[in-house]
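Residues per chain, in single letters:
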Amino acid sequence: MASTSASEIVDAVGGPGNIASLTHCATRLRFQLNDGEKVDKTAVEAIPGVLGAVPQAGDRFQVVIGGGVQTVYNDIMALPVMAGGASAGGGADESIADIKARERAKGPRGTNAWLDSLFEFLSDSFRPILGALLGASLFITFMALAATLGWIPAWNAPGVVLPPSWAFVNLMWQCVFVFLPLMVAYNASQKIGADPWVGFAIMAVTMLPGFAGLGKTADAVQSTFLGSQITTVQVFGMPLTIFDYSSQVFPPLLMAAVLGLVYKGLKKVIPENIQLIFVPFISMLVMIPLTAFLIGPIGVYAGAALANLLSSINSFSPFIFAIVIPLAYPFMVPLGLHWPINAIMLLNIQTLGYDFIQGPMGAWNFACFGATAGVLVLAWREKDKQMRQTATGALAAGLLGGISEPSLYGIHLRYKRIYPRMLVGCLTGGLIIGIGSLVLGLPHGITTQAFVFTSLLTIPAFNPIGLYLVAVAGAFVVAMVLVIISGYKNPEPAGAAVAAATADAASVAPGVARDSIPAVAGGAELAGVAGEGAATATATALADRPAAVGELIQLASPLDGTVVALDQVPDPVFAGGVMGPGVAIEPTGDTVYAPGAGTVVAAQPTGHAFGLQLDNGAEVLIHVGIDTVNLKGEGFDVKVKNGDRVETGTPLVTFDRAVIEKAGYPLITPVIVLNGDTFDTVDPVALGPVTHGSPLLDVQKKA
């Protein structure tokens, strides 16, 4: 991607002055913005080389690039406007380092910022080393292939001595995994706001040969704890447990979390002019013994407990485990929940000598890639150049690198028809692994002796390779064929989606977010020109008549209240855009009105949700409050029923605010365009105070 495109990305996210910080992972640019409302999401996605865009809570914004993200990141950081001083973009008179430091001091933001921060802490502790992990996994695959072909003996079996040449090749991957705790400690400490080299040094103490040597002294005592042999030695009268911390990831994560608190506390009490000396010194003085005596062992045992739990499930029924893992991953990855599982995979390899999770995980990955291949076939057939480019890049990143994010964020979460078909592929791969494990008598299912990325290149790392190959091929082909047969765009008849969507949001799998949440458009040319009355009249007129191709129409507000972005809704289904694009309203009134002329497709008897098929083609869901279905109609006076004809401003329901608030349910009301995929744009007119009947959403019909 040229630097001109890098400049376009910066401009589309609001300019350099709107960028609080910028990092990247294996596939995405990760912006922390000062004002998320300034982003032009449509403009971002139109930039050549951009696979998709993902708005998030707390003014976070992600731009999906694919495997070339490092180059794009470097291009952006090399722009003069990002270095500080006067800029053509205007508004950037601070360096990025200054901005990062200032923003870190503010702490997390957003409704779910604590959860976002937790997942980001976990993921950002691994993301910078993904390249090293991927490279190491290919060395491992090469060693496994060499052993399979008989070039070398079983390269990682106990007691095997490799020839010097192959032993040297073996060191090429061991360098990453043996010192993985140090890499994680550095990244996690940096993420938490502490000096990363101090975190590195603290963790390094536990990996020194001299630390392990303490367990070989005459004073060392061997004992049993939770069924495992442990070595302890008395240090200053306190028992110090000696572990091999190679490849451990939970201890450095816990250490960094505590170090961040210590660092911040010391900076508050130590004068600024001597912080450079005494903050690192006192941090190390406190954290080295704390890590060696307490945090390290806790991390080891916590990781072992999680690993043993999953191992027990797999040992009890490899068949069930092989099905559950690929079906769970499509919902775990968007939430970032897969990062702790990666840590358990590493721990399994260290403690058991093999891992049993990556095999079933491969079924999910290849089902994901198969769905992308199906989209690519349809894009070629339909001569959709942009989707063809997106799918090609995503498929290459998946099949060659084992990276699912370009497919997930660039395609799958944007088109709701893909996920069910992909899940069938996941189920197919899981069933093949489960049944094959039973037939072949595999007590742990498909295993691998190394941490690898599940791609075409790493297939030889799995055992038995034949069963794994059949499973991932089945997952890939089934998902691809189903997407090709059914298509990935939404062909649902008018009104069908509305009726289905009025079921409570809890019935939809949480966490399946898609990146079709619209960027907030500033201003409304048709609203407010001649006062509230003119705005209301304009919205009513535009909401009532059928939309012509390419025409911009408006939906009226169904409530009096305050309009907020959809990601402020405390429910991942709505906040993630699963149901479709739209906005939410914090109501100040107690009556919900029709946002346009049309037909009531679904009026829930509980009064908490209404589906409308409007004359202008929009299918609208209005969900009054969150989890209010649990009130079973108490506090709701429903005014309409299924099949009723309504006009703009027709009352749909009156609700008792006191009843809802007493029950503890949020009143925030999502207003969703369920068939948003059939429109070019679905954008909020403006955020802030609104009255019912005033313009709420700009909707433009596709050509």
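In case you missed it, the structure is sitting above this.
Residues numbered from 1 in each chain as written. Predicted model: local features only at pLDDT ≥ 70, side-chain atom pairs only at ≥ 80, totals over all residues. Heavy atoms only, no water.

*Asks:* A description of the overall build of the protein should follow, citing residues and the corresponding values.
*Replies:* Assigned secondary structure in the protein consists of 23 helices and 23 strands. Per-residue burial for the protein yields a buried fraction of 53% across its 703 residues. For the protein, long-range pairs separated by at least 24 residues make up 73% of all intrachain contacts whose partners lie at least 6 apart in sequence. When the accessible area of the protein is evaluated, it comes to approximately 28,100 Å², of which 64% is carbon and sulfur surface. (Helix = DSSP H or I, 4+ residues; strand = E, 2+ residues; numbered from the N terminus. Buried < 20%, exposed > 50% of the residue type's maximum accessible area, 1.4 Å probe, protein only. Contact = heavy atoms within 4.5 Å. Areas by Shrake-Rupley, 256 points an atom, 1.4 Å probe, with all protein chains shown as cover.)

*Asks:* Tell me about the packing of helix α8 (residues 180–192) against helix α9 (residues 196–205), and name the residues and values.
*Replies:* α9 packs onto α8 with a crossing angle of 145 degrees between their chain directions and a minimal axis gap of 7 Å. Seen along the crossing, α8 lies across α9 with a hand that is right-handed. From α8, Pro181, Leu182, Ala185, Tyr186, Ser189 and Gln190 reach across to α9, where they touch Pro196, Trp197, Gly199, Phe200, Met203 and Ala204. For the contact of α8 with α9, the class distribution of residues is nine nonpolar, three polar and no charged. (Axes fitted to C-alpha atoms, helices over the stretch in contact; angles between N-to-C directions. Left-handed = near helix turned anticlockwise from the far one by under 90°. Nonpolar A, V, L, I, M, F, W, Y, C, P; charged D, E, K, R; others polar.)

*Asks:* Go over the environment of Ala6, please, and point to the residues and values.
*Replies:* Summarising the element assignment, Ala6 is placed in helix α1 (residues 3–12). In sequence terms Ala6 and Ile76 are 70 residues apart; their C-alpha atoms lie 5.2 Å from each other.

*Asks:* So what's going on with the pattern of salt bridges? Residues and values would help.
*Replies:* Overall, the coordinates contain six salt bridges when judged by the stated rule. Asp637 is paired through a salt bridge with Lys639; the nearest N and O atoms lie 2.8 Å apart. The class of Asp637 is partly exposed, set by a relative accessible area of 41%. For Lys639, a relative accessible area of 42% gives the class partly exposed. The partner of Glu661 in a salt bridge is Arg657, with the nearest N and O atoms 3.6 Å apart. Separated by four residues within a single helix, Glu661 and Arg657 lie in helix α23 (residues 657–663), roughly one turn from each other. (Salt bridge = Lys/Arg side-chain N within 4 Å of Asp/Glu carboxyl O.)

*Asks:* Which residues make up the pairing of strand β15 (residues 609–614), and what are the values?
*Replies:* Counting buried residues in β15 gives six out of six residues, a clear majority hidden from the surface. Neither face of β15 is left uncovered, since the one carrying Ala609, Gly611 and Gln613 and the one carrying Phe610, Leu612 and Leu614 both have all their residues buried. By the bridge criterion, five bridges tie strand β14 (residues 598–603) to β15 in an arrangement that is antiparallel. Within the sheet, the bridge partner assigned to Ala603 lies in β15 and is Phe610. Connecting β14 to the next strand, β15, in antiparallel fashion are five residues, including Gly607 with a positive phi near 80 degrees. Two strands pair when backbone bridges link them, and β15 and strand β16 (residues 619–623) are joined in this way by five bridges, in the antiparallel orientation. Bridging from a neighbouring strand, Leu612 pairs with Val620 of β16. Between β15 and β16, which pair antiparallel in sequence order, lie four residues; one of them, Gly617, sits at a positive phi of approximately 100 degrees. (Pairing = 2+ DSSP bridges.)

*Asks:* A description of helix α18 (residues 418–440) should follow, citing residues and the corresponding values.
*Replies:* Across its 23 residues, α18 extends 33 Å between first and last C-alpha, which sits within 8% of the 33 Å expected from 1.5 Å per residue. If you check which residues of α18 are buried, you get Ile418, Tyr419, Arg421, Met422, Gly425, Cys426, Gly429, Gly430, Ile433, Gly434, Gly436 and Ser437. Remark: Gly441 follows α18 within two positions and exhibits a positive phi of approximately 70 degrees. (Expected span 1.5 Å × (residues − 1).)

*Asks:* With reference to specific residues and values, describe the packing of aromatic side chains.
*Replies:* This model, assessed by the stated rule, comprises eleven aromatic pairs. For the pair Phe321 and Phe356, a centre-to-centre distance of 5.5 Å together with 65 degrees between the ring planes defines the contact as edge-to-face. In this pair, Phe321 sits in helix α13 (residues 318–335) while Phe356 sits in the loop between α14 (338–351) and α15 (358–382), placing the two residues 35 residues apart along the sequence. In this pair, the class of Phe321 matches that of Phe356, namely buried. (Phe/Tyr/Trp six-rings, centres within 6.5 Å; stacked < 30°, edge-to-face > 60°.)

*Asks:* Outline the sheet that holds strand β18 (residues 645–646), listing residues and values.
*Replies:* In space, the eight strands of this open sheet follow the order β18-β14-β15-β16-β20-β12-β11-β22, with antiparallel pairing throughout. Each edge of the sheet is formed by a strand with only one pairing partner; in this case those strands are β18 and β22 (688–690).

*Asks:* Before we move on, could you go through the packing of α8 against helix α11 (residues 250–269) and cite the residues and values that matter?
*Replies:* Running from amino to carboxyl end, α8 crosses α11 at an angle of 35 degrees, the nearest separation of the two axes being 8 Å. Here α8 and α11 pass one another in a crossing that is right-handed. Across the interface between the two elements, Pro181, Val184, Ala185, Ala188, Ser189 and Ile192 from α8 touch Pro252, Leu253, Met255, Ala256, Leu259, Gly260 and Lys264 from α11. A class-by-class count of the residues in the contact of α8 with α11 yields ten nonpolar, two polar and one charged.

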